[in-house]
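Tertiary structure, described
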Amino acid sequence: MNRDLAASSAAGPDAVPDRAPTPDPVAGTDGASTPLSAAPRRIAVVGGGIIGLAIAAELSGRGADVVVYESAPDGTGGAWHVAAGMLAPGGESAFEYPHLTRLLEAGQELWPSFAAGLGDVGYDRTGTLSLALTADDVAEAAREWKHQKLTPLTGSQVRDLEAAISPRVRAGAFAAAEHQVDPRKVVAVLRDRLAGRIITREITDLSELDADGGSGTGASAGRPDVIIVAAGHRTGALTGLPIRPVKGQVLRLRGEPGLLEHVIDGAADGRHVYLVPRADGEVVVGATQEERADRMPTAAGVHDLLRAALDLVPGLAEHELAEVTVGHRPGTPDNAPILGYLDDDRRVVVAAGHFRNGILLAPITARLIADLVLTGSADPILDAFGPGRFR
Ligand SMILES: Cc1cc2nc3c(=O)[nH]c(=O)nc-3n(C[C@H](O)[C@H](O)[C@H](O)COP(=O)(O)OP(=O)(O)OC[C@H]3O[C@@H](n4cnc5c(N)ncnc54)[C@H](O)[C@@H]3O)c2cc1C
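Residues numbered from 1 in each chain as written. Predicted model: local features only at pLDDT ≥ 70, side-chain atom pairs only at ≥ 80, totals over all residues.

1. Structural notes on the sheet that holds strand E9 (residues 226-229)
Convention followed: Strands pair, by our definition, only if DSSP identifies at least two bridges between them. Helix and strand definitions here come from DSSP, where helices need a minimum of 4 consecutive H or I residues and strands a minimum of 2 consecutive E residues; each element is numbered from the N-terminal end. The axes are straight lines fitted to the C-alpha atoms, using for helices just the contacting stretch, and the angles between their N-to-C directions are given from 0 to 180°. Any pair of residues counts as being in contact when their C-beta atoms, constructed from backbone geometry, are within 7 Å of one another.
Ordered in space as E8-E2-E1-E9-E16-E15, the six strands form an open sheet in which the pairing is mixed. If you trace the sheet from one side to the other, it starts and ends with strand E8 (198-200) and strand E15 (338-341), each paired once. Here the average twist between neighbouring strands, direction ignored, is 20°. Pairing analysis gives three bridges linking E9 to strand E16 (residues 348-352), with the strands arranged parallel. Of the residues in E16, the one forming a bridge with Ile228 is Val349. Against the sheet, helix H1 (residues 50-61) engages strand E1 (42-46), strand E2 (65-70), E9 and E16, with an angle of about 165° to E2.

Written out as structure tokens, the structure reads:
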């Protein structure tokens, strides 16, 4: 299915890097495995989206001196502000790129402890219902359900699980391992934790960070020893790497809580849509996928999303259309992230290109990049994601 996140996969139990758990990904310390005496003293992170903030919080929690540069004054400049927050490893990625499946599953395994360290961020493990409206939709979905080893359900079995599903829906499957979180809540908590370490400034060239002495004030003043570029799709302009914007339109509906319990991921007459219900009655409806860089919501985009949403869940018709937003996924040529040192001098680290999976991958990216920067050694799982694969 064409969706932001797809279903599970066949990676083995070695998906998680072999490493002691970090007690608290934000405020916790991991001093035993991170010899700070040998670590860089000053670290600048360019980009205060979910990836940059998660890395900065992990580094800060381990005692590093970090400052984040974020161009948007209210922090809402990134794809995270639009993203639905589905946490669903595997599926398409397993067809495309097995290394990515391993990383997605490692990311999924870190989410429970990451969310627990943040507090109430809407982390919800109720699971996802995959739906197919027509016979053609069933035929397409069946391939994915088989790949995910999900048991197909009849329409009435689906409605037993979720009463609001249309009687026209022919079949479905339940993916217990696909969860959700509210990315806006995650970023709000991370920004709070990093208060005083976020500078509102657009970096147009990494050399600016040296020219003005780096970050500016207090303990973080001075030329940074390491620069981490986590600027989403704009990382390409700062590093020369092939990262492109992939436009996505997303709607937010609001109504009485309780219409839906599960995340819905479905197809209705060939139109793909997902519905992510929040506890407060918001339902996120996404998303288009367009190879464009503009920020314009379109009539066709909104129409297609609403039509598919109402075909699958007619009760949404009475909800308020509260928001139409546009964001840009950071896409790479192989749709996998770019994680690692940019050059041999090991001063600039890239953490970008997470495409459709940046929310899912935020905790694992933070851990892997913090380990890399603080210890100088790369976890083997990073081997497949280095910038060198595009040189
Ligand atoms: C429509 C849509 C739906 C999605 N749904 C999901 C989903 O359900 N699950 C999932 O896991 N992922 C989803 N994603 C993908 C996810 O949002 C991204 O992969 C993730 O946000 C990438 O995080 P990031 O921090 O690298 O980039 P961003 O979130 O884009 O943040 C980058 C930040 O860097 C700042 N910045 C950029 N350039 C500069 C500069 N030069 N100087 C200073 N600051 C700069 C920006 O202002 C921004 O705040 C979705 C994305 C979209 C667009």
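2. A word on helix H3 (residues 98-118)
Every α-helix carries 3.6 residues per turn, so stepping three or four residues along brings you back to the same face. Defined as follows: Working rule for helices: expected span equals 1.5 Å times residues minus one. Here the bend at each residue means the angle between axes fitted to two seven-residue stretches, the one ending at that residue and the one beginning there.
With 21 residues, H3 extends 30 Å from end C-alpha to end C-alpha; this agrees with the ideal 30 Å at 1.5 Å per step. The axis of H3 is deflected most strongly, by about 40°, at Trp111, and proline Pro112 appears within four residues downstream. Residue Gly119 follows H3 closely and has a positive phi angle near 100°.

3. Re unusual backbone geometry
Quick note on the threshold: Remark: C-beta atoms are placed from the backbone, and a residue is labelled buried if 20 or more other C-beta atoms sit within 10 Å of its own, exposed if 12 or fewer do, or partly exposed between those counts.
The amide bond that connects Gly286 to the next residue, Ala287, takes the cis arrangement and shows omega of -20°. Backbone geometry places Lys149, a non-glycine residue, at a positive phi of 60°. Inspection of the secondary structure assignment puts Lys149 in the loop between helix H4 (135-148) and strand E5 (152-154). Look at Lys149 and you get exposed, because 11 C-beta atoms sit within 10 Å. The residue Asp269 is not glycine, and still its phi comes out positive at about 55°. When you line up the elements, Asp269 lands in the loop between strand E11 (263-268) and strand E12 (271-277).

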